[in-house]
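The chain contents come next:
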Amino acid sequence: MTNNAKVKAWLDDMVKLLAPEKIVWIDGSEAQLEELRAIAVSTGELIKLNQEKLPGCYLHRTAQNDVARVEDRTFICTTKKEDAGPMNNWMAPSEMYDKLYKLYDKSYAGKTMYVIPYMMGPLGSPFSKIGIELTDSIYVVLNMAIMTRIGEKVLAELGDDGDFVKCLHACKDVNPDERYIVHFPEDNTIMSVNSAYGGNVLLGKKCFALRIGSYLGMKEGWMAEHMLILGLENPQGEVKYVCAAFPSACGKTNLAMLIPPEAFPGYKVWTVGDDISWMKIGPDGGLWAVNPEAGFFGVAPGTSTKTNKNALMTTMSNTIFTNVALCDDGTVWWEGMDGDVPSHCIDWTGKEWTPDMGTKAAHPNSRFTAPAAQCPCISSEFEAAGGVPISAIIFGGRREKAAPLCYEAFDWNHGTFIGSTMASETTAAAAGAVGVVRRDPMAMRPFIGYNVGDYFQHWIDMGGKVSKLPKIFHVNWFRKDDEGHFMWPGFGDNLRVLNWIVDRCEGKVDAKETELGYLPYAKDINVEGLDIAPETLEELLSVDKEVWLNEVKLIKEFYAQFDTDGRFPKELYDQLAALEARLNK
Ligand code: OXD
Ligand code: MN
């Protein structure tokens, strides 16, 4: 399949290590993928769903101990420990290679080794990068075929001398005690063993596009971020693009596919990406972004026509569902889907389920893997080789009291500070105490492939290199009143805030200067058709100094916890001191 000597040498080594019975190159053809689907159905790895109602759709169930990413078993192995930094697990590369090679030894014996050449980013794009993933799982092959560009066309771009990220995956025994998701940024290598769950094994996504990507971005002068990308079109047909980062459970995929409210006739939201943004300096000196992925690996529960009709439509064909419930008519179900709860189904563990059992039919982290091109609101620029120009970067979090509905940073460094302090209060959806503030800088806490202080420094440095900088904003859809009710309706109505953000970028609207940054005047948020009291909107757009002085204290604690090696940029401390001074004035 290739004359690339680097690929051949690596494959020779890997074949010796893994000892597969057979080697199959994934060429990207529909015929080959169809053959693999048939094999997976025959072994029970996939269940073919009702092909009249869900054409091209399949269900997969993982082991019950293998249902999510495993941050405590994820490592960044750099020669020097301080290069991985205090936010990552670290082990010396030689020690980790030794440990892993023992685990992988002959682990493909009696099995087929699938070789998947894949590309992150559109074909022919200067943003794009190539990986080759070796796996013993057809599920991985079929998911990679949706989430990335694969096959011969990628090898053609790689050529005889191109570089690639070496990605090795083995399901092995799916033993959680020997599960490792390991990155060697200095060697362009990713190794994953003892898992068969999406986020741990689709190595193009979090492992390559974020962890290795962020490291390469720091070295090469670009940015790999955990951000959606959307285009907002106004009635005149002008489209402005924004990127947005949110911690989990803040509705990122919903925002990426938002349906505008009736009060905004002629407005449209176009999805470029729902999870990852690679950003580079473009020909105009601004920041341009591509979505390196080709599909959506979305959380199923809670997805309905009300919360995200576009996501639901995207999953109606050619989709792989993981750990959702199987209905008697061969369709799928999850908690929060439209319509009646089924009176009977097979739950995500493969057991008979009825509503009176009080258990969840679908795993809370059950997923759909769906081709982005099927999304009804996919952007015409989704495959644009040069990406889209970014007008604004939005950070967000789930804060009951602290953050106003929306505010704008004074400048890039202030925006970087806001991103570095991003936080969410934990919800009942996750294990652990409810309402605890978890800091998640730029929503990248588990995904920064190097030292967090150097990562912040890279943000500051990019500010000096991009001549046409995007404006930076913070939003909070989750403010609650004293009775515990949400004060803002959220979902499609978030467009009202996006519209203000774009107007600010265009210089079309004023803002009031506050201790936190520039806040909207209430009159500038279009609330036509919304049942919201003027006092509520005023409160959503106010700053509670007492809450914020406490927030300053919490930010200091957070910085002290993770700036253990003095690598946080001085600019962030200057911003923190300036915020405190403004609040004390
Ligand atoms: C994801 C995540 O799956 O951020 O996108 O965990
Ligand atoms: Mn994500």
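Everything discussed here concerns the structure shown above.
Now for a quick tour of the structure. As the structure is a prediction and not an experimental result, all values here were calculated from the model.

**Brief notes about the coordination of the manganese ion (ligand 2)**
Then, in step 1: For the manganese ion (ligand 2), the full set of protein donor atoms is K206 (NZ), H226 (NE2) and D275 (OD), and the range of their distances to it is 2.1 to 2.2 Å.
Then, in step 2: Motif for the manganese ion (ligand 2), donor spacing along one chain: K-x19-H-x48-D. Residue K206 is located in helix α8 (residues 204–220), and its partner H226 is located in the loop between β11 (223–225) and β12 (228–233); the two are separated by 20 residues in the primary sequence. In terms of burial, K206 and H226 fall into one category: buried.

**Let's talk about the side chain of R149**
Then, in step 1: For R149, the location among the structural elements is in strand β7 (residues 149–150).
Then, in step 2: Here R149 falls in the buried class, since its relative accessible area comes to 6%.
Then, in step 3: Within polar-contact distance, the side chain of R149 engages the side chain of E383 at 3.0 Å.

**What to know about the packing of helix α11 (residues 412–420) against helix α12 (residues 452–465)**
Each pair of packed helices gets described by two things: the angle between the helix axes and the distance between those axes.
Then, in step 1: Two elements in contact, α11 and α12, have axes whose closest approach is 9 Å; the angle formed by their N-to-C orientations is 160°. In terms of orientation, α11 lies roughly antiparallel with respect to α12. Between α11 and α12 lies a crossing whose hand is right-handed. Counting all contacts with α11, which are made through W412, N413, T416 and S420, the residues of α12 involved are F456, W459, I460, M462 and G463.
Then, in step 2: Its residues assigned to classes, the contact of α11 with α12 shows five nonpolar, four polar and no charged.

**Here's the deal with the sheet that holds strand β2 (residues 47–48)**
Adjacent strands of a sheet form backbone hydrogen bonds with each other and so pair up, either parallel or antiparallel.
Then, in step 1: The strand order β2-β3-β18-β23-β17 describes an open sheet built from five strands, whose pairing is mixed. The strands lining the two open edges of the sheet, one partner per strand, are β2 and β17 (295–299).
Then, in step 2: Pairing of β2 with strand β3 (residues 58–60), which is carried by two bridges, proceeds in the antiparallel orientation. Following the sheet pairing, I47 is matched in β3 by L59.

**Structural notes on the nonpolar core**
Then, in step 1: Counting 154 residues, the largest nonpolar core has W278, I393, F395, W459 and W488 as the members making the most contacts within it.
Then, in step 2: Here this core gets eight residues from one element, more than from any other, and that element is helix α5 (residues 138–147).
Then, in step 3: Ranked by size, the runner-up nonpolar core spans 33 residues in total, among them L18, C77, M96 and F164.

**A short note on the sheet that holds strand β19 (residues 325–327)**
Then, in step 1: In space, the four strands of this open sheet follow the order β20-β19-β21-β22, with antiparallel pairing throughout. Here the strands that pair on one side only, and so sit at the sheet edges, are β20 (332–333) and β22 (352–353).
Then, in step 2: Relative to β22, strand β21 (residues 345–346) is paired through two bridges, and the arrangement is antiparallel. Directly across from C345, in β22, lies its bridge partner W353.

**Here's the deal with the site of ligand 1**
Then, in step 1: Around ligand 1, the neighbouring residues are R69, K206, H226, D275 and R367.
Then, in step 2: Between R367 and ligand 1, the recorded distance is 3.0 Å, taken from a side-chain N or O atom to an oxygen atom.
Then, in step 3: Calculation on ligand 1 without its partners gives an accessible area of 210 Å², and the protein chains cover 81% of this total.
Then, in step 4: Its residues assigned to classes, the shell around ligand 1 shows no nonpolar, one polar and four charged.

Procedures and definitions
- Residues numbered from 1 in each chain as written.
- Chains lettered and ligands numbered in written order.
- Predicted model: local features only at pLDDT ≥ 70, side-chain atom pairs only at ≥ 80, totals over all residues.
- Heavy atoms only, no water.
- Donors = N, O, S within 2.8 Å, 3.2 Å for Na, K, Ca; no water.
- Helix = DSSP H or I, 4+ residues; strand = E, 2+ residues; numbered from the N terminus.
- Buried < 20%, exposed > 50% of the residue type's maximum accessible area, 1.4 Å probe, protein only.
- Polar contact = N/O pair within 3.5 Å; in protein donor to acceptor, adjacent residues only side chain to side chain.
- Axes fitted to C-alpha atoms, helices over the stretch in contact; angles between N-to-C directions.
- Parallel < 35°, antiparallel > 145°, perpendicular 65-115°, else oblique.
- Left-handed = near helix turned anticlockwise from the far one by under 90°.
- Contact = heavy atoms within 4.5 Å.
- Nonpolar A, V, L, I, M, F, W, Y, C, P; charged D, E, K, R; others polar.
- Pairing = 2+ DSSP bridges.
- Core = buried A, V, L, I, M, F, W, Y, C linked by side-chain atoms within 4.5 Å.
- Near = heavy atom within 4 Å.
- Areas by Shrake-Rupley, 256 points an atom, 1.4 Å probe, with all protein chains shown as cover.

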